[in-house]
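For reference, the chains in residue letters:
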Amino acid sequence: MSDNRKTTTFAQPTRRRFLGTTAAFAGLASTGTLLGTGRARAQSRGGTIRVAKGHGNTGDTLDPATWTNGFTVALTYGMNGFLTKVGVDGSLEPDVAESWEASPDAKTWRFKIRSGMTFHSGKPVTLDDVIASIDYHRGEDSKSVAKPLVAPIVSITKEGEDTVVFELETGSADFPFVFTDYHMAICPSDGAGSIDWRSGDGCGAYKLVEFDPGVVARFERFQDDWNQERGFMDAIEMLSIVDLNARTTALVSGDVDAIDKLDLKTVALLGRNPGIAIHSVAGPQYYSFAARADTAPLDDVNVRRALKHAINRQELVDKILFGHGTVGKDQPIGPSYRFHNPDLAETPYDPDKAKFYLKEAGLDALTVQLSAADAAFPGAVDAAVLYQNSAAAAGITVDVKRVPNDGYWSDVWLKHPFCAVYWGGRPTEDQIFTTAFEGGAAWNDSMWANGRFDELLVMARAELDEDKRRAMYYEMQEIVSTDGGTVLPMFANFVFATGKRVVHGDMASNFDQDGERWMERWSLAD
């Protein structure tokens, strides 16, 4: 296993340089200063790669407002362009926008759009397309889960023939990172104030030729891509194989070239196969149990604290992650983040303290139903059973309800009061907090709201003083940990496997499978 396993850490230095000083905002973003450090690879072209994903639902669509899982993330990063993207080293890189700059207060941002780009249909990419694509996630009528990310935008206007100007309510030190979010695909304008997403007409490295939701997506290389240093394969077949055994068997038999979401119980055995490489990449991914803070008895903070002290975190890291991760502290800002608080106290497994909080809630015992499926994360059902066992010592009965994998993200998540969840993380603290913890956010899966937290979130976004900003994020982490509805016991490495044909460089760690940009980054051996 040691010969095949490759471990990478989430790199931060370039992002620190990018956000380090107020003066940097005035002229950041020439292509030369923002490109990542590159990656060694054999630049061979050709062939068809087949990748099996442990994600995908029959209800998936091409609507960027609705994407929820790793299958649709990989799909959009392969076929669509974005204003910006996260590089292998965690830095911000240009894509549809070739450069950008900010006013000194970071309230006005100008993005210069790359000339000569076309969609796969041959239609030129215009400023109107860019504006319509971002506006699609804005406004009262928008149903997009990315709506909170673009809420600070006051206006979007055109400047000349190649520049889009964003005016914000307040300064935003991380604003260019917003457009790396996988919902922010640049799609053709429909000419009526919205976008044409149904055609699948993108401007990324690969052209979508077939999409059967929950089954398969097929692509072919876009020959006229503006960037000829990506997209090395002729064709791609991405399969939705949620069943773990079937996915693993497909890799071992050579029917597919890569799979994600490995069975960590058998990953060491799989790694002994000389034709398979195991990749364990530390990053912002976490596995959690979302307890809806708007539903009794979970609406009592004392009940939530009891649940947090009733879980044995190290046991889950040992028995579910098999060492491929670290203990979590009930908040999402782990060691991979710039403003991670290393001094935040861990929530210990303490049945007596859990009983204390139950009494504070006026309860002698507690029964909760916990919904889980391995679609939530590998080993989620086993993790729920371990939680059940540890909680029993605290007088808490965790009734584990195993639910189907298919439809988990549409029928269980955000609907059941207590359920297993995975989050791939986001490149900045503001993005993950805004997407998953801000009061009223569409993907706030614990339905939790805290006035002080929301106030700090807005303040930290606009604060350009590093020390003040750090203090705000430290306080937010403590608030989420002690008051929030998310029981977050562990940060999980991205663990996936590639076959002997796959050629790659260093693996990105902002999302699974090379930041889910494997379509444009990987190639096949001759």
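See the structure above.
Calculation rules
Residues numbered from 1 in each chain as written. Predicted model: local features only at pLDDT ≥ 70, side-chain atom pairs only at ≥ 80, totals over all residues. Heavy atoms only, no water. Helix = DSSP H or I, 4+ residues; strand = E, 2+ residues; numbered from the N terminus. Rg over C-alpha atoms; globule rule 2.2 N^0.38 Å. Buried < 20%, exposed > 50% of the residue type's maximum accessible area, 1.4 Å probe, protein only. Contact = heavy atoms within 4.5 Å. Areas by Shrake-Rupley, 256 points an atom, 1.4 Å probe, with all protein chains shown as cover. Lys, Arg positive; Asp, Glu negative; His and termini not counted. Charge placed at Lys NZ, Arg CZ, Asp CG, Glu CD. Salt bridge = Lys/Arg side-chain N within 4 Å of Asp/Glu carboxyl O. Polar contact = N/O pair within 3.5 Å; in protein donor to acceptor, adjacent residues only side chain to side chain. Axes fitted to C-alpha atoms, helices over the stretch in contact; angles between N-to-C directions. Parallel < 35°, antiparallel > 145°, perpendicular 65-115°, else oblique. Nonpolar A, V, L, I, M, F, W, Y, C, P; charged D, E, K, R; others polar. Core = buried A, V, L, I, M, F, W, Y, C linked by side-chain atoms within 4.5 Å.

A. Focus on the overall build of the protein chain. Looking only at helices and strands, the protein chain features 18 helices and 22 strands. A globule of 526 residues ought to have a C-alpha radius of gyration of about 24 Å, and the protein chain, at 22 Å, matches this closely. Projected onto its principal axes, the C-alpha positions of the protein chain cover 70 × 55 × 40 Å. Buried positions account for 61% of the 526 residues belonging to the protein chain. For the protein chain, restricting intrachain contacts to residue pairs at least 6 apart in sequence, the fraction spanning at least 24 positions comes to 73%. When the accessible surface of the protein chain is summed, it comes to about 18900 Å², and 49% of that surface belongs to carbon and sulfur atoms. If you average the places of the 53 positive and of the 73 negative side-chain charges in the protein chain, the two averages end up 3 Å apart.

B. Highlighting the pattern of salt bridges. A full pass over the atoms with the stated rule returns 30 salt bridges. Arg338 is paired through a salt bridge with Glu466; the nearest N and O atoms lie 2.5 Å apart. With Arg338 in the loop between strand S15 (325–327) and helix H11 (351–360) and Glu466 in helix H16 (residues 466–483), this pair connects stretches of sequence that are 128 residues apart. With a closest N to O distance of 3.3 Å, Arg470 and Asp467 form a salt bridge. Pair noted here: Arg470 and Asp467 are both in helix H16, with a separation of three residues, about one helical turn.

C. Structural view of helix H9 (residues 301–309). Where burial is concerned, most of H9 is hidden: seven out of the nine residues are buried. Taken together, the buried positions of H9 are occupied by Asn302, Val303, Arg304, Ala306, Leu307, Lys308 and His309. Its side-chain oxygen placed 2.8 Å from the backbone nitrogen of Asn302, Asp300 serves as the N-cap of H9.

D. Inspection of the environment of Asp105 at higher detail. Here Asp105 lies in the loop between strand S5 (97–102) and strand S6 (108–113). Sequence separation of Asp105 and Leu464 is 359 residues, and the distance between their C-alpha atoms is 8.0 Å. For Asp105, the contacting residues outside a window of four places in its chain are Gly171 and Leu464. Among the polar contacts listed, one links the side chain of Asp105 to the side chain of Ser103, at a separation of 2.6 Å. At a separation of 3.1 Å, a polar atom in the side chain of Asp105 contacts the main-chain amide nitrogen of Lys107.

E. The packing of H9 against H11, seen in detail. For the pair H9 and H11, interaxial distance at closest approach is 8 Å and the crossing angle is 170°. Considering their axes alone, H9 and H11 lie roughly antiparallel with respect to each other. Together, Asn302, Arg305, Ala306 and His309 of H9 and Pro351, Lys353, Ala354, Tyr357, Leu358 and Glu360 of H11 make up the contact between the two elements. Its residues placed into classes, the contact of H9 with H11 shows five nonpolar, two polar and three charged.

F. Spotlight on the nonpolar core. Of all hydrophobic cores here, the largest spans 161 residues; its most connected members are Phe166, Phe289 and Phe377. For this core, the element with the most residues is helix H12 (residues 380–392), which contributes seven residues.

G. The arrangement of unusual backbone geometry in detail. Between Ala296 and Pro297 the backbone carries a cis peptide bond, its omega angle lying at 0°. Position of Pro297 relative to the elements: it lies in the loop between strand S14 (286–291) and H9. Unlike most non-glycine residues, Leu414 shows phi in positive territory, near 70°. By the secondary structure assignment, Leu414 is in the loop between helix H13 (408–412) and strand S18 (418–423). Of note, Gln513 is a non-glycine position whose phi angle comes to about 45°, a positive value.

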